[in-house]
Amino acid sequence: MIEIRDAVKKFDGFAALDGVTLTVPKGAVYGLVGPNGAGKSTLLRSLNGVYKVDSGAVTIEGESIWENPALKARVSSIPDDWYYFLQSSTQDMMKLYRGTYSTFSMERYKKLESAFPIDPKKPIRHLSKGMQKQAAFWLTMSCMPDYLLLDEPVDGLDPVMRRQVWSLVLDDVAERGTTVLVSSHNLRELEDVCDHVGILDHGKVLLERSLAQLQDNMVKLQVVFPDGMTEVPADLPVLHAAKMGRIHTLIMRMNAEKATELLTRYHPLLVDAVPLTLEEIFIYELGGADYAVKDIVL
Amino acid sequence: MQSKTLSSKGLFSPALFRNNLSRFWPLWMLYLAVWLLAMPAVQFLQLFGHNRHWMEEGELCFDALGGVLAMSESGGTIIALIFGVLFAMALFSYLVSARSVSYAHALPVKREGLFLTHYLTGVGVFLMVHALAAVLTAAIWAVAGVQQVWIIGVWFLSTTGQMLFFYSFAVFCAMFAGQLLAIPAFYGIFNVLVLGVRELISMLCEMFIYGWNGMNESAAVTWLTPAYKLASQLGDIWARDAQGYRTGIVSEEIQRSLGVVSVYALAGVVLAVCALLVYQRRRSETAGDVVAIGWARPIFRYGVGACCALSFGQLMYAILWSSFGGSENSVVALAVCMILVGLVGYFGAEMLLQKSFRILKKGWKGGVILSAALIVLCIGFSVDLLGIEKRVPAAADVETLDFGIYSASSVNGSTADPEMIQRFLSIHQSLADQQPKYNWQDEDTESITVRLRYMLKNGKTLSRYYSLTYQKQGPNEEVLTQLALLASDAAVRRADLENQMLNRLDRLTSAEIQLYQTADMRGQTMSFDADTAQTLLDALEADIDAGHAGMDAMDSARWYENTYTNRLTFYYRVKTTPDSHRRDESDSFYLEFSKNYTNLIAALEAAGVDTDMLVTYQENDAISDGSMPAKSAYESAQEGIGGAYETPDSGTSVAIIGGADGPTQVIVADEPVPADTAVGG
């Protein structure tokens, strides 16, 4: 289990992490979402031992990750700008990973060779961005990590390869109980793979729940009110409202039953509860945190 | 086993070590090539090349030993100085990029492990290269029959020690640098920082402190300028026989040199430990910053400002002040120049640190602090806050005194005589109290310079240098009168002669006097044998003891009238001392004498010199401008060349020898000859 308690990390006075508290259950696929500059990459770098937090605790299985090589050997990460030595090939980097990570599996490395169409002897700098990402996955997955930290992992991969790498990751989760923390802006994709979600904004966690809880906590309703009632009643706790013809679309922070019950008082002609996508949850939650799409008149 | 243990603790990564070896192989190969060329290749050519055909085997071997030892000293120092920083730049380059540092620090290796792995890669490489070069050189020596293989061991230890120091020093600098080019910049600056700052402060003192004569050679400064110290660690390494031929190597000199290197090697280890401590505190996010360590940033900011002020500020002042005709130094003008340039340096450093041009808002307070510090510095020096100007040692504290009085007739000497030291101290005290100025006004003005260097009983030295001016009609100030007396004092003049020749004199071998033709400086040289030379020296000493020397020291007009252009040169063998390896060393001393040297002139006449041929500086100028006829010995000689030139006297040999400046007539007096038989007439 990954636990972060009241973590603060400042850069020249600017708090990239401002009291973050977050828990990733063991075996979970945890999606970390947030606007640009929310502190997601800083959080991941604190988790793999690159940054030392100024205060608070960053622990994995109860142990601090900082300067803990035994623990770090069980953690692998793929940052958004994966690093490789300039003149190295995938094979060269494999040798380094193999020598550095005691858990590195040559068997898996060979098995994965068929999954990634890369010439292992070709210098990585000569590979396309997407292929470099594939090389990163190939090597990282060969390390047999117990904890996998991914920052925009499928950025640059084609749709087939995206599905391929997610399949590999999820197989690992299923078979080995790997815990995955993934940061991405591709919420539709996260929705498919994550079972937990945390929303980070301005260095703070706005909320973290299982995806089911999250979807249960917010509801989208399509309502048709009786004749003569053109506006949404003011006493309804609506996060967002839109109208098309006579159909009102309302976003309410409660479960579907309670929302329907509230609306029944106004004798609607139609009430239909629709589950929200992760992207909608993200947008409406951050809208409450003063981060919403603004209507700019150009 | 050891590395495995270290590896399991995350303190060493064999995989990273191997990766370093393979990644930077061109650098390692270049280093290997340099040493293979400098050692075995050079030795091979030296021992099996052309030299073998014409040099004796012993000399050939000594040349080989000398070549290797030179490589352990200056050659090795230069190579270590350059490759030390290249190694550090290559191995610790991962620290200067956010991507690479994130990669490295995410690996399951401790910070100590990363540092040690990279550091030991460098150490391992240069040890292997040195060992290979040593083995190959030893093999060549074995084939050539050179016995002293231990010299290669000396080279190995010396070169390895130096490389360990410079490499560790560069690694230490790398720990503070967040950009690759900052590593060689810091390294270069720190290598000469102490010496540079010392010289800059000395320049400042020279402007404002009356009598300032530079800072004394300081062992601490030399030690803190490692390249300078290490490049000149070896003195004369050769033991020689009576004829000056090399017979072996002075092992004490080698031991002393290795002692110096071992101190630096130890310092290298300490620097490596310090570098590790800094690395443990270094934050990954500082990659890309010029200065990566937080507490070092103010030092950088103020250090750059102060160094700019001291160097370019003084330069700006010197250019502007001299351009606008300032004679007396102005503390205000200097302070303004130093503050302006200092602020440029300070804000420049701030821009580098902040990576922004908008630094005034944040940095103005620091600018004010720096300006205030520079004002205090300038005022401090101008009012002599440390009391340097007034510092005159007590007579009881002085062991010896080196002195020099430079006027129309100069003296340089050294004395331990308490009475003479007291006289100089008295003048020193007067100069310090009265501070007469150097103020060159017109042709009626004379100048005099006094140099004093006291060796104190506590082992320290104190140096002063005073330049002053006075009116030609005679020094009217008390201190100048004292100086005039001292400049012509018999004891002072004797000390001068002792300093220039007598202290080193074993025996005179000959002497000669130039008898110039003044128009085109073609001249005659009259030589004397050893006995005559001794007679002349006795006469000279009699003149000195009689106070004839230096009589015109403070009056350049009289000096111009009385002093001869003809130089008298003594040739002599140098005394053998424990420090001198050669027994046959010779030297010479030439003397400018005047009409006041009556004993010497009489002796010259007795030796056959027509003293009418002697030409004073005044006569020389008169002959040059045609207002006086030339003293025509040369013209007679010219006639002789044209026809049949006869030797003027059987006791004197005369020769006309060619030269770039025309024929030179040489007259050799086998015996003292009457004055009227000298050449010319």
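Residues numbered from 1 in each chain as written. Chains lettered and ligands numbered in written order. Predicted model: local features only at pLDDT ≥ 70, side-chain atom pairs only at ≥ 80, totals over all residues.

Enquirer: Mind showing me how you'd approach the overall build of chain A here?
Expert: When its secondary structure is counted, chain A shows 10 helices and 14 strands. Over its C-alpha atoms, taken along the principal directions, chain A stretches across nearly 75 × 45 × 40 Å. Here chain A, with 298 residues, has 39% of them falling under the buried criterion. Counting only contacts in chain A whose residues sit at least 6 apart along the sequence, the fraction spanning at least 24 positions is 71%. (Helix = DSSP H or I, 4+ residues; strand = E, 2+ residues; numbered from the N terminus. Buried ≥ 20, exposed ≤ 12 C-beta atoms within 10 Å, placed from the backbone. Contact = placed C-beta atoms within 7 Å.)

Enquirer: Which parts of the structure should I look at to understand the overall build of chain B?
Expert: Secondary structure summary: chain B contains 24 helices and 12 strands in total. Out of the 681 residues in chain B, the part that is buried amounts to 40%. Long-range pairs, those at least 24 residues apart, make up 74% of the contacts in chain B with a sequence separation of at least 6.

Enquirer: Before we go on, may I ask you to explain the domain arrangement of chain A in this structure?
Expert: How large an interface is tends to be reported as the accessible area lost when its parts come together. Examined at the domain level, chain A breaks down into domain 1 (2-213) and domain 2 (219-275). Distance from the C-alpha centre of domain 1 of chain A to the C-alpha centre of domain 2 of chain A: 41 Å. (Domains from an automatic or database assignment.)

Enquirer: Just checking my understanding: could you explain the interface of chain A and chain B for this structure?
Expert: The interface is formed by 19 residues belonging to chain A together with 19 residues belonging to chain B. Among the elements of the structure, helix H2 (69-72) and helix H3 (90-100) of chain A are those that each provide at least two residues to the side of chain A that touches chain B. At 3 residues, H3 of chain A tops the list of elements feeding residues into the side of chain A that touches chain B. Residue classes in the side of chain A that touches chain B are distributed as 10 nonpolar, 5 polar and 4 charged. (Nonpolar A, V, L, I, M, F, W, Y, C, P; charged D, E, K, R; others polar.)

Enquirer: I would appreciate a short explanation of the domain arrangement of chain B in the present structure.
Expert: All names here are of chain B. By domain assignment, chain B separates into domain 1 (14-204 + 217-284), domain 2 (296-382), domain 3 (395-487) and domain 4 (493-677). Across the boundary between the two partners, domain 3 contributes 14 residues, which contact 13 residues of domain 4. Broken down by secondary-structure element, the contributors of at least two residues to the side of domain 3 that touches domain 4 are strand E4 (411-415), strand E5 (445-456) and helix H18 (478-487). Considering each element in turn, the side of domain 3 that touches domain 4 owes the most residues, 5 residues, to E4. Broken down by class, the residue content of the side of domain 3 that touches domain 4 amounts to 6 nonpolar, 6 polar and 2 charged.

Enquirer: Please explain the environment of Trp295 of chain B as it appears in this structure.
Expert: Residues and elements named next belong to chain B. On the secondary structure map, Trp295 appears in the loop between helix H13 (251-281) and helix H14 (296-323). Of the residues examined, Trp295 has 9 C-beta atoms within 10 Å and is grouped as exposed. Distance from Trp295 to Ala267, taken between C-alpha atoms, is 23 Å for residues 28 residues apart in sequence.

Enquirer: What is the right way to look at the sheet that holds strand E1 (residues 2-11) of chain A in this model?
Expert: Sheets are built from strands that pair by backbone hydrogen bonding, the pairs being arranged parallel or antiparallel. All names here are of chain A. A sheet is described by the order of its strands in space; here 4 strands give the open sequence E2-E1-E4-E5, paired in antiparallel fashion. Edge strands, defined here as strands with exactly one partner in the open sheet, are strand E2 (14-24) and strand E5 (63-64). Direction of pairing for E1 relative to strand E4 (residues 55-60): antiparallel, over a ladder of 5 bridges. Residue pairing in the sheet places Val8 in a bridge with Ser55 of E4. (Pairing = 2+ DSSP bridges.)

Enquirer: What's the story with the confidence of the model for chain B in this structure? I'm lost.
Expert: Residues and elements named next belong to chain B. Averaged over every residue, the pLDDT of chain B is 83; residues scoring 70 or more account for 85%. Considering each helix and strand of chain B separately, the mean pLDDT is smallest for helix H24 (residues 633-642), with a value of 43, and largest for helix H8 (residues 111-144), with 95. Model confidence for the complex: the whole-complex pTM is 0.81, and ipTM, which rates the interface, is 0.86. (pLDDT = per-residue confidence, 0-100.)

Enquirer: Explain unusual backbone geometry to me, please; I cannot follow it from the model alone.
Expert: One can expect most non-glycine residues to show negative phi and most peptide bonds to be in trans. With phi around 50°, Met144 of chain A is a residue other than glycine that occupies positive phi space. Residue Met144 of chain A is classed as partly exposed on the basis of its 18 C-beta neighbours within 10 Å.

Enquirer: Sorry if this is basic, but what is going on with the sheet that holds strand E11 (residues 219-224) of chain A here?
Expert: All names here are of chain A. What the 4 strands build is an open sheet, ordered E12-E13-E11-E14; its pairing is antiparallel. Every interior strand has two partners, whereas the edge strands, strand E12 (238-244) and strand E14 (270-274), have only one. Looking at each pair of strands side by side, their axes are set apart by 20° on average, direction ignored. Relative to E14, E11 runs antiparallel, the two being bridged by 5 bridges. Its bridge partner being in E14, Val223 is matched across the sheet by Val271. (Axes fitted to C-alpha atoms, helices over the stretch in contact; angles between N-to-C directions.)

Enquirer: Honestly, the pairing of strand E13 (residues 247-252) of chain A in this entry has me stumped. Any pointers?
Expert: A regular strand carries its side chains on alternate faces of the sheet. Residue and element names in this part refer to chain A. Pairing of E11 with E13 involves 6 bridges; the strand directions are antiparallel. Looking across to E13, one finds that Val224 is bridged to Ile247. Where E12 and E13 come together, 6 bridges link them in antiparallel fashion. Counted as the bridge partner of Lys243 is His248 from E13. Count of turn residues in the E12/E13 antiparallel hairpin: 2 residues, of which Gly245 carries a positive phi of about 65°.

Enquirer: What am I meant to see in the nonpolar core here?
Expert: A general tendency of soluble globular proteins is for nonpolar side chains to be buried together. Residue and element names in this part refer to chain B. Core analysis: the biggest nonpolar cluster contains 183 residues, and Ala88, Ala170, Val171, Cys173, Ala174 and Ile183 have the highest contact counts within it. Top element by residues in this core is helix H9 (residues 150-176). It accounts for 18 residues. If we ignore the near neighbours within four places in the chain, the residues touching Val171 are Ala88, Phe92, Tyr119, Ala272 and Ala275. Residues Leu497, Ala511, Leu540 and Met613 belong to the second largest nonpolar core, which totals 31 residues. (Core = buried A, V, L, I, M, F, W, Y, C linked by C-beta atoms within 7 Å.)

Enquirer: What is the right way to read helix H3 (residues 25-48) of chain B from this model?
Expert: An α-helical segment advances 3.6 residues per turn. Residues three or four places apart therefore align on the same side. The sharpest bend along H3 of chain B measures roughly 35° and falls at Leu36 of chain B, with the proline Pro40 of chain B sitting one to four residues further on. All buried positions along H3 of chain B are accounted for by Trp28, Tyr31, Trp35, Ala38, Met39, Pro40, Val42, Gln43, Gln46 and Leu47 of chain B. (Bend = angle between axes of the 7 residues up to and from the residue.)

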